[in-house]
Amino acid sequence: MGIKWLRIELTNACNFNCAYCAEQYMTRKKGFMDMSLAKKIINEISETHISDVLGLQFMGEGLLHPKFDEIASYAKDRGVKLHLTTNAGLLTDKNIDSILDHELKSVYLSLFTPDEHSYSLRGGANKNYEDYERGVKNLIREKFKRKSGIKISIGLLNTQYCFLPGIDAVKNNDKARRLVYSWFSPINEDISITFVEVGTWANQLLVKRGVKVTPNEKGFCPSPFEQLFIAWDGTCTPCCLDYDCNIKVGDANRDSIASIWNNDRYKRIREGMNNNLLIEPYCQTCRGKINLFSFLRRSDIWKLLRMGFSREKLQYICARGWRRFKLI
């Protein structure tokens, strides 16, 4: 069985300090993946085709890696397609050249905050919004100029129904989409815009903010059947939300990707899921019950009140998971 989403973390360091990201709570040591480990992973993918695409995505900002260009070049030489997820804060001319020259398959730009006001959520003290926006526009412009077939997806953060204090970005999807599309022309099928909602990082953001969450031993998650994430030091986890690598399923320095994917711990996690059982404490918290009163005490109550009780909004909230709350 191949791996649908195989991702490596070139670094867990980041040039931003986003209010909605778990990076602020991460206790792992900061570092950069050794070139030898990156080559080992790329070589195995090239030889075994265990995954169709290698994603440069987990925590941190991959473009911070001092050998990003060398890694991208090596992957191209070995016939391994790369997907890059970037916060778009380091789209310099050099990095844009690396992305396009080495023919990455796709890039996801976590733009998230498409105006100067919402950009304040990024904590990008060393880069003003105009320069940030210019980098995104330059990448798009160069893509069209070079007639590159790279797929570019621009992510925007919808915070209309986020009640964590201090997090407010996109409120109107259509308005935000028009704003971003106005930056470049022409448009083709290689450019897309997606909207994502503020997550709770397996409920860890709630726990860190003092919200009570009761672990749940029952549940299912597709991640162990589809995903493998390799941190910069080789530590492996099946969960994209496991920012501190609590669910350590292997070490890519020592073991092959295939052996990690099929090892006993992975199998136990999957077997549990198949029986509606969550055997990992991190999973139990992720699928846990949120104490409603505790949540309300630490939420943006004024935003809740301003929403009112329109039928549309009430239906949306219910659909998004009020069943996950408990009253006591």
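These notes cover the structure that comes with them. From a predicted model like this one, the values you see are computed outputs, not experimental measurements. (Residues numbered from 1 in each chain as written. Predicted model: local features only at pLDDT ≥ 70, side-chain atom pairs only at ≥ 80, totals over all residues. Heavy atoms only, no water.)

What about the overall build of the protein?
Going by this rule: Strands are runs of DSSP state E lasting at least two residues, helices are runs of H or I lasting at least four, and both sets are numbered from the N terminus onward. Each residue's exposure class comes from its accessible area (1.4 Å probe, protein chains only) as a fraction of the maximum for that residue type: buried when under 20%, exposed when over 50%, partly exposed otherwise. A contact between two residues is defined here by any heavy atoms of the two lying within 4.5 Å. Here the accessible surface of atoms and residues is derived via Shrake-Rupley with a 1.4 Å probe, and residues count as covered only by protein chains that are part of the display.
Tallying secondary structure elements over the protein gives 14 helices and 12 strands in all. Counting all 328 residues of the protein, 52% fall into the buried class. Within the protein, residue pairs in contact and separated by at least 24 positions form 74% of the contacts whose partners lie at least 6 positions apart. About 16,000 Å² of surface is accessible on the protein, with carbon and sulfur atoms providing 51% of the total.

Describing the nonpolar core
Quick reminder of the rule: Side-chain atoms within 4.5 Å link the members of a nonpolar core, which is a set of buried Ala, Val, Leu, Ile, Met, Phe, Trp, Tyr and Cys residues.
Counting 91 residues, the largest nonpolar core has Ile-99, Leu-228 and Ile-230 as the members making the most contacts within it. Discounting residues that sit within four places of it in the chain, Ile-99 has contacts with Phe-68, Leu-84, Leu-91, Leu-104, Val-107, Leu-139 and Ile-150. Among the nonpolar cores identified, the runner-up in size contains 5 residues, and Leu-206, Val-213, Ile-290 and Phe-295 belong to it.

A short note on the packing of helix H3 (residues 93-101) against helix H5 (residues 129-145)
Put simply, the test is: Structural elements are reduced to axes, namely lines fitted to C-alpha atoms, with helices fitted over the stretch in contact, and the angle between N-to-C directions of any two is expressed from 0 to 180 degrees. With respect to orientation, any angle under 35 degrees is reported as roughly parallel, any angle over 145 as roughly antiparallel, any angle of 65 to 115 as roughly perpendicular, and every other angle as oblique. Handedness of a crossing follows from how the near helix is turned relative to the far one, being left-handed for an anticlockwise turn of less than a right angle and right-handed for a clockwise one. When residues are grouped by polarity, Ala, Val, Leu, Ile, Met, Phe, Trp, Tyr, Cys and Pro land in nonpolar, Asp, Glu, Lys and Arg in charged, and all others, Gly among them, in polar.
Orientation of H3 relative to H5, taken along the N-to-C sense of each, is 40 degrees, at an axis distance of 10 Å. The angle between the axes of H3 and H5 places the two elements in the oblique class. Classified by chirality, the crossing of H5 by H3 is right-handed. Where H3 abuts H5, its residues Asp-93, Ile-96, Ile-99 and Leu-100 lie against Gly-135, Asn-138, Leu-139, Glu-142 and Lys-143. Here the contact of H3 with H5 is built from residues that sort into 4 nonpolar, 2 polar and 3 charged.

Quick word on the side chain of Asp-251
Note the following rule: As used in this structure description, the phrase polar contact means that two N or O atoms lie within 3.5 Å; if the pair is within protein, one of them must be able to donate a hydrogen and the other to accept it, and residues adjacent in sequence are counted only when both atoms belong to side chains.
Note on placement: Asp-251 falls in strand S10 (residues 250-251). Of note is the side chain of Asp-251, whose polar atom sits 2.9 Å from the backbone nitrogen of Asn-253. Among residues more than four places away in sequence, those in contact with Asp-251 are Asp-233, Gly-234, Cys-236 and Ile-260.

Let's talk about the side chain of Asp-190
By secondary structure assignment, the location of Asp-190 is in the loop between helix H6 (173-181) and strand S6 (191-197). Polar side-chain contacts of Asp-190 include one of 3.0 Å to the side chain of Lys-143. In contact with Asp-190, not counting residues within four places along its chain, are Lys-143, Ser-148, Gly-149, Ile-150, Lys-151 and Ile-152.

Here's the deal with the packing of aromatic side chains
Filter applied, for reference: Side-chain rings of Phe, Tyr and Trp, where Trp is taken by its six-membered ring, are said to pair if the distance between their centres is within 6.5 Å; with planes under 30 degrees apart they count as stacked, over 60 as edge-to-face, and otherwise as tilted. Criterion for a charge above a ring: Lys NZ or Arg CZ within 6 Å of the ring centre, and within 35 degrees of the ring normal.
Considering all chains together, one arrives at 10 aromatic pairs under this definition. Each residue in the set Phe-16, Tyr-119, Tyr-129 and Tyr-132 is aromatic and connected to the rest through ring pairs, giving one cluster. Arg-270 extends its terminal NZ or CZ atom over the ring of Trp-261, reaching a point 4.4 Å from the ring centre.

Function cannot be read off these values alone, since they describe shape.
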